[in-house]
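Read off the chains here:
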Amino acid sequence: MAYEILRKETLNPQIFLMEILAPAVAKKAEPGQFIILRIDEFGERVPFTIADYDREKGGVTIIVQAVGKTTQDLAKLEAGDSVLDFVGPLGVPTPLEGLKKVAVIGGGLGTAIAYPQAKKLKSLGAEVTAIVGFRSVDFIILNDEMTAASDKLIVATDDGSNGNKGFVTDKLKEELDAGEKFDEVIAIGPLPMMRAVCKLTEQYGVPTTVSMNPVMIDGTGMCGGCRVIVDGQPKFACVDGPDFDGHKIDWDAAMKRQQMYKSHEKQSCADGKCRIGRGK
Amino acid sequence: MPYWKGEITVAKANMRNDKNPMPEQEPNVRNKNFLEVATGYTAEAAIDEAKRCLNCPRKPCVNGCPVGVKIPEFIALVAEGDFEGAYAKISETNALPAVCGRVCPQESQCESKCVRGIKGEPVGIGRLERFVADYYRENCAAKEEIVKPEPNGKKVAVVGSGPSGLTVAGDLAKLGYDVTIYEAFHTAGGVLMYGIPEFRLPKAIVQQEVDKLRKYGVKIETNVVVGKTILVDELFEEMGYDAVYVASGAGLPSFLGIEGEQLNGVYSANEFLTRVNLMKAYRFPEYDTPVYCGNSVAVFGGGNVAMDAARSAKRLGAENVYIVYRRGKEELPARAEEVAHAEEEGVKFLLLQNPTKFIGDENGWLKAVEVVDMELGEPDESGRRRPQVVAGSEHTIEIDAAIISIGQSPNPLIKNTTKGLETNKRGCIVADEKGATSKPFVYAGGDAVTGAATVILAMGAGKTAAQAIHEALQNKN
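Residues numbered from 1 in each chain as written. Chains lettered and ligands numbered in written order. Predicted model: local features only at pLDDT ≥ 70, side-chain atom pairs only at ≥ 80, totals over all residues. Heavy atoms only, no water.

**Here we look at the overall build of chain A**
Put simply, the rule is: The secondary structure listing takes helices from DSSP runs of H or I that are at least 4 residues long and strands from runs of E that are at least 2 residues long, numbered from the N terminus. This radius of gyration counts C-alpha atoms alone. The globule rule is 2.2 Å times how many residues there are, raised to the power 0.38. Between buried and exposed lies partly exposed: a residue is buried under 20% and exposed over 50% of the maximum accessible area for its type, with that area taken using a 1.4 Å probe on protein chains only. Contacts between residues were defined by any pair of non-hydrogen atoms, one from each residue, lying within 4.5 Å. The accessible surface values rely on the Shrake-Rupley method and a 1.4 Å probe; as for residues, cover is taken only from the protein chains in view. When charges are counted, Lys and Arg are positive and Asp and Glu negative, with His and the chain ends excluded. Taken as the charge location is NZ of Lys, CZ of Arg, CG of Asp or CD of Glu.
Within chain A one finds eight helices and 16 strands. In terms of overall dimensions, chain A is globule-like: its C-alpha atoms have a radius of gyration of 18 Å, near the 19 Å expected for 280 residues. Along the first, second and third principal axes, the C-alpha atoms of chain A reach 60 × 40 × 35 Å. Buried positions account for 57% of the 280 residues belonging to chain A. For chain A, long-range pairs separated by at least 24 residues make up 64% of all intrachain contacts whose partners lie at least 6 apart in sequence. For chain A, the exposed area adds up to about 11600 Å²; of that, 51% sits on carbon and sulfur atoms. Here chain A contributes 34 positive and 39 negative side-chain charges, whose respective centroids are spaced 4 Å apart.

This is the structure:
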């Protein structure tokens, strides 16, 4: 059985969106959860956070940055093509019930994962301030969606090319300094960004949830490859997370673990063009 | 009738005291490839070995088999050269003979009861079972006609496609049940696929067993995580199943809980073996999944999984592969055959040693492990002598990778999402001797109930539960 790609959209030069037909996953998906897909028999199992879901149509949306072997292979597929394996929803949904005023922070691709959280919070009646950051104006994604999913949207760029220069941490600090009182900050993006947000919110005493995306294989608690140190204890991102209390994460350890397969990834990408016995 | 029948006269038993040896690849050849280590008996060797069986009237060997294979009967057929008949005899009670012939611990089961073992070596029951299954697969399976049984209109869901799930599914399908197996991974087979390496159990053999079940009408849905994609209660309420058998295995790896376990290069045996076996990392970069192994690898633990990990590491090119175990050689829980194979292949055993911390470099990569020497004290509750630390014996071993192989416990996903399903403090599902759980029409077996055990015990549990499910559903409207 294969899983058909219903829709593909380019969001910026590096990032694209894919909606994939997986009714059983769409039926259960909640913000904060993820799926694992494998493109073909030779492929790796790679986790992607669920960016959106359509229970009626049975579609599950993922947003992908083509940076490694699998994501580059995925970028070559179009609507009508399919992937061999698609499993989920995995992980624990982000607990959003009961929150009244929340800052949702997205860094780059992390915006794609922050979006369903903002959308769900809004639907639950919370006041949402969304702060998203990109390298430059050309890399901004999901602007309309985030506008609809928030009460206030702040878009920052590293180079100021959209007229609002700065990092998401700068913008969050401005809000906090202006006296905004958030029940919670939800921060999703690269590890250094999430770490910086946590450092800031710790000073202001605002509870902060982050979404970890480490290397994993099965996504059901079997391999332990995704372990993250939280409050001094190893936790599995796949079954205990992927969301954790950002103030309790051992960020140094998490950042070092992310380097585990960097050299293999390079080899895999380099060799990807000529592969003996490979179908396509 | 096979052509060789009649050419062989079954005279009196062969009274030689030793087993026909199992042909194997040379250690220094096989430790560089992933091909099967043992190459199997020839027909001549099988017949000769079969003649060592005395066909005792009390059949002690059968009592040693968790699925009650009719051992003397099948062996008598082998002795006559009727290998197809022998296969049919084994198949009466065992759905996976090619698997069991390879991975069962016969020395502590059937063969431990063999009368021939009193004076010499027992009959090579496992080797004969394997021979028969391989012969059948290579010569008869293609022409096999499977008659799908008459449907009885009842539906059973099986959670997990490991040995226990495959057994229950096969038995129930043959009784006419509409059986669907739900598997979390992309490939069916459970531990037979992700855990046991190719060189001990070729995946093509497992695949063939799975395909055979499909011919009996068993449906297999991969990429479904019960407890996430679908809940046990939904299997009854929304999908209309009459019973559910939970055989989700013991997949949750235990870690040592010592300093430095987070370093790059430290794996659970589950992760290491899944990368190598299921994801075929030994064929990277043809396959996308990599595995880092380095030049020096230490495996912590002394069970069969530890041997599998160590022997895989050797085959991936590691020069120094160590088994680090806190007790002595006699206490190693692995099968003697696995230990011997590992030793022959160049795995070094560091016995009576226990890790205390992993040491990394400034970039978070493992570079050494600190271990202490142990000595054995008084027996503990398991009856094994308790290892104690020798004070001041700390020393370090330089390693690039560490593989933690100290056990697995059942995955909590089903427990956490199924109301009314009782589990014990180790997270194992509580089931009676027939596999019935605290929840009506939910049965369970295999490692999910016992904690990590053997393939054959999981199959035995499946066999018993299939019978119990059949009895329960016959009386259910």
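**Concerning the overall build of chain B**
A count of helices and strands for chain B gives 18 helices and 16 strands. When the backbone C-alpha atoms are referred to their principal axes, chain B occupies close to 65 × 60 × 50 Å. Put simply, chain B has 477 residues, and 58% of those count as buried. Counting contacts in chain B only where the partners sit at least 6 residues apart, residues at least 24 apart contribute 70% of the total. Split by element, the accessible area of chain B, about 19300 Å² in all, is 50% carbon and sulfur. For chain B, the separation between the mean place of its 55 positive charges and that of its 64 negative charges on side chains is 4 Å.

**Regarding unusual backbone geometry**
Residue proline 89 of chain A is reached from glycine 88 of chain A by a cis peptide bond, and omega for that bond is -10 degrees. A positive phi angle, near 55 degrees, is found at asparagine 55 of chain B, a position not held by glycine. Mapping asparagine 55 of chain B onto the fold places it in the loop between α2 (43-50) and α3 (60-63). By relative accessible area, asparagine 55 of chain B is classed as partly exposed at 41%.

**Thoughts on the environment of threonine 129 of chain A**
Residue and element names in this part refer to chain A. Note that threonine 129 resides in strand β10 (residues 127-134). Given a relative accessible area of 2%, threonine 129 falls into the buried group. In the structure, threonine 129 is positioned 48 residues away from aspartate 177 in sequence and 14 Å away in space, judged by C-alpha atoms. Residues in contact with threonine 129, not counting those within four places in the same chain, are Val102, Ala103, Val104, Lys152, Ile154, Glu175 and Phe182.

**Describing the packing of aromatic side chains**
Put simply, the rule is: Between the rings of Phe, Tyr and Trp (Trp by its six-membered ring), a pair exists once the centres lie within 6.5 Å; its type follows the angle of the planes, with under 30 degrees stacked, over 60 edge-to-face, and the other angles tilted. In our convention, an over-ring charge means Lys NZ or Arg CZ found within 6 Å of a ring centre and within 35 degrees of that ring's normal.
Counted by the stated rule, this structure contains 14 aromatic pairs over all chains. On the numbers, 4.8 Å between centres and 85 degrees between planes, the contact of phenylalanine 83 of chain B with phenylalanine 131 of chain B is edge-to-face. Of the two residues, phenylalanine 83 of chain B sits in helix α5 (residues 83-91) while phenylalanine 131 of chain B sits in helix α8 (residues 125-139), which places them 48 residues apart along the sequence. Neither phenylalanine 83 of chain B nor phenylalanine 131 of chain B differs from the other in exposure class; each is buried. With centroids separated by 5.6 Å and ring planes inclined at 80 degrees, the aromatic side chains of phenylalanine 300 of chain B and phenylalanine 358 of chain B adopt a geometry described as edge-to-face. Separated by 58 residues along the polypeptide, phenylalanine 300 of chain B in strand β7 (residues 296-300) and phenylalanine 358 of chain B in strand β10 (residues 353-360) bring together distant segments of the chain. What makes phenylalanine 300 of chain B buried here is its relative accessible area of 1%. By way of ring pairs, the aromatic residues Phe34, Phe199 and Tyr282 of chain B are connected into one cluster. In this structure, arginine 135 of chain A packs its charged tip against the face of phenylalanine 139 of chain A, placed 4.5 Å from the ring centre.

**Some thoughts on the sheet that holds strand β2 (residues 15-21) of chain A**
Strand pairing within a sheet occurs via backbone hydrogen bonds; the two strands may be parallel or antiparallel. Residue and element names in this part refer to chain A. We count it as follows: Whether two strands pair comes down to DSSP finding at least two bridges between them.
Ordered by their spatial adjacency, five strands build an open sheet running β5-β6-β2-β1-β7, and the pairing between neighbours is antiparallel. With one partner strand each, in any of the chains shown, β5 (52-54) and β7 (82-83) form the two edges of the open sheet. As defined by bridge partners, strand β1 (residues 3-10) adjoins β7 across two bridges and the pair is classed as antiparallel. Bridging across to β7, tyrosine 3 finds its partner in valine 83.

**Let's talk about the pattern of salt bridges**
A side chain of one charge can pair with a side chain of the opposite charge if their charged atoms are brought near each other. Residues and elements named next belong to chain B. Rules: Throughout this description, the term salt bridge denotes a Lys or Arg side-chain nitrogen within 4 Å of a carboxyl oxygen of Asp or Glu.
Enumeration over the complete set of coordinates arrives at 57 salt bridges over all chains. A salt bridge links aspartate 48 to arginine 16; its shortest N-O distance comes to 3.1 Å. With aspartate 48 in helix α2 and arginine 16 in the segment before α1 (27-30), this pair connects stretches of sequence that are 32 residues apart. According to the relative accessible area criterion, aspartate 48 is partly exposed, its value standing at 25%.

**With respect to the confidence of the model for chain B**
All names here are of chain B. Cut-off, in case you're wondering: Residue-level confidence of the predictor, termed pLDDT, takes values from 0 up to 100.
Summary statistics for chain B give a mean pLDDT of 93 and a share of 97% for residues scoring 70 or more. Overall, residues 1-10 carries pLDDT values under 50, and its contacts beyond four positions in sequence, including any with other chains, amount to 15 contacts. Taken together, the chains of this predicted complex give a pTM of 0.91 and an interface ipTM of 0.88.

**Let's talk about helix α14 (residues 304-315) of chain B**
Residues and elements named next belong to chain B. Under the convention used in this document: Multiplying one less than the number of residues by 1.5 Å gives the expected span of a helix.
Along its twelve residues, α14 runs 17 Å from first to last C-alpha, staying within 8% of the 16 Å computed at 1.5 Å per residue. Within α14, ten of the twelve residues are buried, leaving the element largely enclosed by the surrounding structure. Those residues of α14 not exposed but buried are Ala306, Met307, Asp308, Ala309, Ala310, Arg311, Ser312, Ala313, Lys314 and Arg315. A positive phi of about 110 degrees marks glycine 317, the residue just after α14.

**Comments concerning the side chain of threonine 209 of chain A**
All names here are of chain A. Checked against the element boundaries, threonine 209 lands in strand β13 (residues 208-211). On the basis of relative accessible area, threonine 209 is assigned to the buried category, the value being 13%. When neighbours within four sequence positions are excluded, threonine 209 is seen to be in contact with Glu184, Val185, Ile186, Ala187, Asp243, Phe244 and Gly246.

**A closer look at the interface of chain A and chain B**
Applicable threshold: Put simply, buried area is how much 1.4 Å-probe accessible surface two parts lose in total, over both of them, once they are put together. A 3.5 Å cut-off defines polar contacts: any pair of N or O atoms within that distance qualifies, except that in protein one atom must be a possible hydrogen donor and the other a possible acceptor, and neighbouring residues in sequence count only when both atoms are side-chain atoms.
With 49 residues of chain A at the interface, the matching set in chain B holds 46 residues. Regarding the contact of chain A and chain B, the summed buried area is about 3900 Å², with carbon and sulfur atoms giving 54% of it. Three residues stand out in chain A for area buried against chain B, namely Met222, Arg227 and Met260 of chain A, and they jointly supply 17% of the buried area on that side. Linking chain A with chain B are three salt bridges. Ionic pairing is found between lysine 28 of chain A and glutamate 234 of chain B, a salt bridge with its closest N-O pair at 2.6 Å. Put simply, chain A and chain B have 21 residue pairs in polar contact (both at pLDDT 80 or more) between them. Only α1 (23-28), α2 (69-75), β8 (85-90), β14 (227-230), α7 (251-257) and α8 (262-271) of chain A provide two or more residues apiece to the side of chain A that touches chain B. Ranked by residues supplied to the side of chain A that touches chain B, first place goes to β8 of chain A with six residues.

**Side note on the confidence of the model for chain A**
Predicted coordinates in regions of low pLDDT should not be interpreted in detail. Per-residue pLDDT for chain A averages 91, and the proportion of residues at 70 or more is 95%. Residue range residues 272-280 of chain A is modelled with pLDDT below 50. Its contacts to residues more than four positions away, or to other chains, number 17 contacts.

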